[in-house]
Amino acid sequence: MKKIIITIDGFSSCGKSTLAKALAKELNYIFIDSGAMYRAVTLYFIENNISLDNSNAVKEALQNIHLAFQFNQEKGKSDMLLNNRNVEEAIRSMEISNKVSEVAAHPLVRDFAVAQQQQMGLEKGIVMDGRDIGTTVFPQAELKIFVTADPQIRTERRYKELIEKNPTITLEEVRKNLETRDHIDSTREFSPLRKANDAIELNNSHLTREEQLQWAIDMAHKILNS
Ligand code: DC
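Notes on the structure follow. This is a predicted model, so every value here is computed, not measured.

About the thresholds
Residues numbered from 1 in each chain as written. Predicted model: local features only at pLDDT ≥ 70, side-chain atom pairs only at ≥ 80, totals over all residues. Heavy atoms only, no water. Phe/Tyr/Trp six-rings, centres within 6.5 Å; stacked < 30°, edge-to-face > 60°. Helix = DSSP H or I, 4+ residues; strand = E, 2+ residues; numbered from the N terminus. Salt bridge = Lys/Arg side-chain N within 4 Å of Asp/Glu carboxyl O. Buried < 20%, exposed > 50% of the residue type's maximum accessible area, 1.4 Å probe, protein only. Pairing = 2+ DSSP bridges. Contact = heavy atoms within 4.5 Å. Expected span 1.5 Å × (residues − 1). Polar contact = N/O pair within 3.5 Å; in protein donor to acceptor, adjacent residues only side chain to side chain.

**As for the packing of aromatic side chains**
Tallying each qualifying case throughout the model produces one aromatic pair. Ring plane angle 80° and centroid distance 6.5 Å describe the contact between Phe-11 and Phe-146, whose orientation is recorded as edge-to-face. Of this pair, Phe-11 sits in the loop between strand E1 (5-10) and helix H1 (16-27) while Phe-146 is found in strand E7 (residues 143-148), placing the two residues 135 residues apart along the sequence.

**Quick notes on the pattern of salt bridges**
Considering all chains together, one arrives at 15 salt bridges under this definition. For Glu-172, the salt bridge is made with Arg-175, and the minimal N-O distance between the two is 3.2 Å. Remark: Arg-175 and Glu-172 occur in helix H8 (residues 171-187); sequence separation between them is three residues, near one turn of the helix. The partly exposed category is assigned to Glu-172, whose relative accessible area is 45%.

**Looking at the sheet that holds strand E5 (residues 85-86)**
Spatial strand order, E3-E4-E5: three strands in an open sheet with antiparallel pairing. Edge strands, defined here as strands with exactly one partner in the open sheet, are strand E3 (67-72) and E5.

**A short note on the side chain of Asp-129**
By the element assignment, Asp-129 lies in strand E6 (residues 126-130). Contact partners of Asp-129, with chain neighbours within four places excluded, come to Ile-8, Lys-16, Ser-17, Ala-20, Phe-31, Ile-32, Asp-33, Ser-34 and Gly-35.

**Overview of helix H2 (residues 34-47)**
The end-to-end C-alpha distance of H2 is 21 Å, a good match for the 20 Å that 14 residues give at a rise of 1.5 Å each. The buried fraction of H2 amounts to eleven of the 14 residues, a majority that puts the element mostly inside the structure. Of all the residues in H2, the buried ones are Ser-34, Ala-36, Met-37, Tyr-38, Arg-39, Ala-40, Val-41, Thr-42, Leu-43, Tyr-44 and Phe-45. With a side-chain oxygen positioned 3.2 Å from the backbone nitrogen of Gly-35, the residue opening H2 is Asp-33. Of the residues one or two after H2, Asn-49 is the one with positive phi, at around 50°.

Keep in mind these values describe shape, not function.
Structure below.
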């Protein structure tokens, strides 16, 4: 049976992971949330006071970081392990969200994560979401999706997600975080967020999860049957 690589890139909080996870389940593919890897590195850097201005310290820190994904049956997706510690909850905090784009812009951090992501795709049968998956990680991917959504809708979606765990969070705080991350992610020097020339754009502002999933399944089947 033919297997392909599917990349899903886009700005923060466009619903990329939700779509990637559902699509992978449907196709019986592996789903990889590449952002979780940058978040785990950020957690390590914060906990160990690693300064991004000190290349030697960054290099040494990366040598001490082991990242792995562990499938969580209950959630139907993988949890992020940082040096064998389950950090899935910890990496979703606002503290990490406020720092992750800066860490992810570091060239050594990018090389570190991209090399591991490319290894994961060697056997294909993978759906990976992120910012540079279709441009840098898997430029040869058979199906590339670039997700967009209205900024106001993205802010509200993210707010709804975060308020459950953090009742003091404000809509303004969420909006600022998304704006700042989008700016850093799309203007950084090394593999900035951009739509690959051969990516198909999906604006999901007014689509339900089911509608988006059906659209993506149809796209994948078209390629698998060609
Ligand atoms: O998808 P996310 O919001 O969890 O990603 C967190 C951050 O990681 C995002 O703001 C930018 C960075 N990132 C990246 O630079 N490249 C990727 N492939 C995935 C995420």
